[in-house]
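Chain and residue survey
Read off the chains here:
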Amino acid sequence: MSENQKDRNLKELEKRFPGITQQIEKKYEDLLKKEELCIKEELAFTGEKILLVEKNGRTLYLAGRRSPAAHPINQVSVLGQIIPNAPIFILGMGNLHYLEELNKVADESVQILIYEPNFSVFYRQLQLADFKKMFGNRTVVLIVEGINEKGLERMISTMLQGDRVPLMKYFVLPNYVELCLEQVEKFLNLLKENAKSYYVSLGTKMFFRNNLADNFYSNVRYVRTGYKAFQLFGVIPTDIPAFIVSAGPSLNKNIKELKRAKNKSFIIAVDTAIKPLVQAGVMPDMFATLDGIKPVELIEQEEAKRIPLLAKLNSTKGMLDFHIGKKFFIDDGFRYANKLFEINQKRIEGFPVGGSVATLAFSLACYLGFKKIVFVGQDLAYTNNKSHADGTFQEKMPEEDTKKFIVVPGNYEEEVPTLPNLNGYRKWFGEAIEQWKKGHDVEFINATEGGAKIEGTILMPLAEVIDKECVREVDIGACIGGLSPFFNEEEQDRIVEYFHDTPKQIHEIVLLAQEGEKIYQQLEKLCKRGNMDKRAYQKILKRIKKNREKIEENPNYDLLTGSMVTAEQIIRSSQYFKYDTIEEEGLELARQGKEYMKLLEGYAKVLEQIAEETVAKVE
């Protein structure tokens, strides 16, 4: 019988995970031999077969001897409410009652990942359990060590995307810590790191929330007299190399070489690299800034004031205030900024920026059509245990303790220490290069003399790159200097009028938020009455929808959603709940709605004040 059950289970697995049967049949003998686990069966007091493992003279029961279902029932009950669409992670298949109990209490939309670190346990359950009945109709991901364990990290990351981290539940089945401590630690660390990334992201948004609107309304003033990045298209020759100069520790090794590339290439630097470049006598043709909290001191060099600047609208406002040269912008996705072009029957283009100032500069070089793109100072690692080149944040950057850092392949060393965010940018560059090469004749050269390896690049010393590629004289300053602001005087006047109208636009959101709160109060009263009038309920829902649509149509709303992290969490973390009655649903909707509208009103008033102090004062 066990063999028949095994065949049925393999067919069920193959339907769900095509190709897994072949892997199991190919590897099972080697895996069983490698693990050398002595797995036995025993009858529990209930008459059910349970598994036990003999290891190091100990007998480890994988399910309760008295009642195999008792512990899972207790554990599932103490989890609290399992929200629809929640991700649930189970380490171990020794006691399948955990999945059975989850099937009883959890909505079918709940996603479950089962990770079995011991192939021997999985193989025995293959013979004993009914996988079709066990999985039911829900989405279940099965990861088995030795078969498809390489997908564990990716699947955990996928299941914990977006706002699902707070909804997560997980189990480590009894005796697995004693049985396979290393795999348990790996599993828990993956959950922890993904959760940490989520909360760091949330914390970052909370940190930035007071800066976003302030930066934006201050910076958007410069769009009126500024330039589009794509005005550079066709103006700068693309048969010269483009150097992307970052401020990694290795920049100190070859920074002086860049003097020889001046007027024989297009040099675009990140903001952090400005000070060391200027001090080395190298004037880049352009520099880029992106972050909303970069200290202005990074670029406070008199020589840097007139260097053409590529900026995002949420960059540190002080950067753009200090700078008096040509400012170039791309489409940041802010509707307010796009309106400045729309009211003049014009448009602004954008391109993927990758999330860092170096990826922004890199993307510009790609989209302008350069055939040779060269990385300099793009370490993406703590070369010699330093975070940045000397002369950036400090005259002499200190060495840091990198013992607990992750390590990645290096350009000149086998491995170099780095941080997860830097490794993320390293992967982004590799993927972007791979995609760009598919449709463009371009060569990517890494002249960073240290740091982490970027896939798709050719490694070459900077001096050699300059000798080989910088062979033609080009006056880049004259190329850029010949450009005129994108808007003419009449169009600029139209933008000024729009600026002056902005506080009034934002005040409309304040009034709509007040109106919205009243609608939710009416919903609350209706739901508390009893004997629900469903027609009245639907009518209020339509009013709520119309009110939200009016709010979201406002071009300033983007700035609110970027700042209102608390309000965003109210909406997003509650969207998965289900309620037994329409009254319960309505009361919860009213509670959320009232809270959201109060926050919206408060944030909009702050936004209105910022606009009064910035764009409304433009003359």
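Please refer to the structure placed before this passage.
Below is a summary of the structure that appears in this document. All of these numbers come straight from a predicted model, not from anything done at the bench.

**Concerning the overall build of the protein chain**
Counting secondary structure elements, the protein chain contains 22 helices and 18 strands. Burial status across the protein chain gives 53% buried among its 619 residues. Put simply, of all contacts in the protein chain between residues at least 6 apart along the chain, 71% involve residues at least 24 apart. Put simply, the protein chain has 85 plus and 89 minus side-chain charges, and the middle of one group is 3 Å from the middle of the other.

**Some thoughts on the pairing of strand β1 (residues 38-43)**
The sheet contact formed by β1 and strand β2 (residues 49-55) spans 6 bridges and is antiparallel. The residue bridging Ile 39 from the neighbouring strand is Val 53, located in β2. With antiparallel pairing between neighbouring strands as the criterion, β1 and β2 make up a hairpin whose turn holds 5 residues, including Gly 47 at a positive phi of roughly 90 degrees.

**Some remarks on the pairing of strand β7 (residues 169-172)**
Taking every second residue as pointing to the same face, the buried face of β7 carries Lys 169 and Phe 171, while none of Tyr 170 and Val 172 on the other face is buried. The pairing of strand β4 (residues 87-91) with β7 spans 4 bridges and is parallel. Counterpart to Ile 88 in the pairing with β7 is Lys 169.

**Some words on the sheet that holds β4**
Ordered by their spatial adjacency, 4 strands build an open sheet running β6-β5-β4-β7, and the pairing between neighbours is parallel. Across the chains shown, the open sheet's two edge strands, defined by having one partner strand only, are β6 (140-144) and β7. Direction aside, the axes of adjacent strands within the sheet are offset by 10 degrees on average. The sheet contacts of helix α4 (residues 97-105) involve β4, β5 (111-116) and β7, and relative to β5 the element is tilted by about 180 degrees.

**Side note on the packing of aromatic side chains**
As enumerated under the stated definition, the model contains 28 aromatic pairs in all. For the pair Phe 119 and Phe 122, a centre-to-centre distance of 5.8 Å together with 50 degrees between the ring planes defines the contact as tilted. With Phe 119 and Phe 122 both in helix α5 (residues 119-128), this residue pair falls 3 residues apart, about one helical turn. Considered together, Phe 119 and Phe 122 belong to a single accessibility category, that of buried residues. For the pair Phe 230 and Phe 351, a centre-to-centre distance of 5.9 Å together with 15 degrees between the ring planes defines the contact as stacked. Remark: Phe 351 occurs in the loop between α13 (335-342) and α14 (357-368) and Phe 230 occurs in the loop between β8 (227-228) and β9 (242-245); sequence separation between them is 121 residues. Relative accessible area serves as the criterion here: at 8%, Phe 351 is assigned to the buried category. Here a set of aromatic residues connected by ring pairs shows up, and it is made of Tyr 28, Phe 119, Phe 122, Tyr 123, Phe 131 and Phe 135.

**Quick look at the side chain of Glu 12**
As for its position among the elements, Glu 12 is in helix α1 (residues 2-16). Taking relative accessible area as the criterion, Glu 12 reaches 9% and is therefore assigned buried.

**Notes on the side chain of Ser 218**
Within the secondary structure, Ser 218 sits in helix α9 (residues 181-219). Those residues in contact with Ser 218, other than ones at most four positions away along the chain, are Lys 317, Asp 321 and Thr 614.

**A short note on the layout of surface pockets**
Size it by volume and the second largest pocket reaches roughly 500 Å³. Residue lining of the second largest pocket: 18 residues in total, with Glu 48, Leu 96, Glu 100, Ala 129 and Asp 130 positioned closest to the centre. Going through the elements one at a time, β2, α4, α5 and α6 (131-135) are the ones with two or more residues in the lining of the second largest pocket. Here the residues of the lining of the second largest pocket sort into 8 nonpolar, 5 polar and 5 charged.

**Some details on unusual backbone geometry**
The phi angle of most residues is negative, glycine excepted, and most peptide bonds adopt the trans form. Its identity as a non-glycine residue notwithstanding, Glu 36 has a phi of 50 degrees, on the positive side. Mapping Glu 36 onto the fold places it in the loop between α2 (20-35) and β1. Assessed through its relative accessible area of 66%, Glu 36 is described here as exposed. Residues other than glycine seldom take positive phi values, yet Leu 380 does so here, at roughly 55 degrees.

**Description of the nonpolar core**
Counting residues in hydrophobic clusters, the biggest one holds 132 residues, and the most contacted among them are Tyr 217, Val 220, Phe 243, Val 245 and Leu 310. A total of 14 residues in this core trace back to one element, the largest contributor, which is helix α18 (residues 489-529). Not counting chain neighbours up to four residues away, the residues in contact with Phe 243 comprise Leu 258, Ala 261, Ser 265, Phe 266, Ile 267, Ile 268, Val 374, Val 376, Leu 462, Val 465, Ile 466 and Cys 470. Within the second largest apolar cluster, 63 residues are counted, among which are Val 76, Phe 89, Leu 96 and Val 144.

**Side note on the pattern of salt bridges**
Under the definition given, this model contains 31 salt bridges. For Glu 41, the salt bridge identified is with Lys 49, shortest N-O distance 3.6 Å. The residue Glu 349 makes a salt bridge to Lys 228 at a minimum N-O spacing of 3.0 Å. Here Lys 228 lies in strand β8 and Glu 349 lies in the loop between α13 and α14, a separation of 121 residues in the sequence. Accessibility assignment for this pair places Glu 349 and Lys 228 in one class, buried. Several salt bridges share partner residues, and in doing so they unite Glu 12, Lys 15 and Arg 16 into one network.

Thresholds applied
Residues numbered from 1 in each chain as written. Predicted model: local features only at pLDDT ≥ 70, side-chain atom pairs only at ≥ 80, totals over all residues. Heavy atoms only, no water. Helix = DSSP H or I, 4+ residues; strand = E, 2+ residues; numbered from the N terminus. Buried < 20%, exposed > 50% of the residue type's maximum accessible area, 1.4 Å probe, protein only. Contact = heavy atoms within 4.5 Å. Lys, Arg positive; Asp, Glu negative; His and termini not counted. Charge placed at Lys NZ, Arg CZ, Asp CG, Glu CD. Pairing = 2+ DSSP bridges. Axes fitted to C-alpha atoms, helices over the stretch in contact; angles between N-to-C directions. Phe/Tyr/Trp six-rings, centres within 6.5 Å; stacked < 30°, edge-to-face > 60°. 1 Å grid on protein atoms, 1.4 Å probe; cavity = no way out; pocket = protein on both sides within 12 Å on 5 of 7 lines; lining within 4 Å. Points joined across faces, edges and corners; volume = space filled by probe spheres on them. Nonpolar A, V, L, I, M, F, W, Y, C, P; charged D, E, K, R; others polar. Core = buried A, V, L, I, M, F, W, Y, C linked by side-chain atoms within 4.5 Å. Salt bridge = Lys/Arg side-chain N within 4 Å of Asp/Glu carboxyl O.

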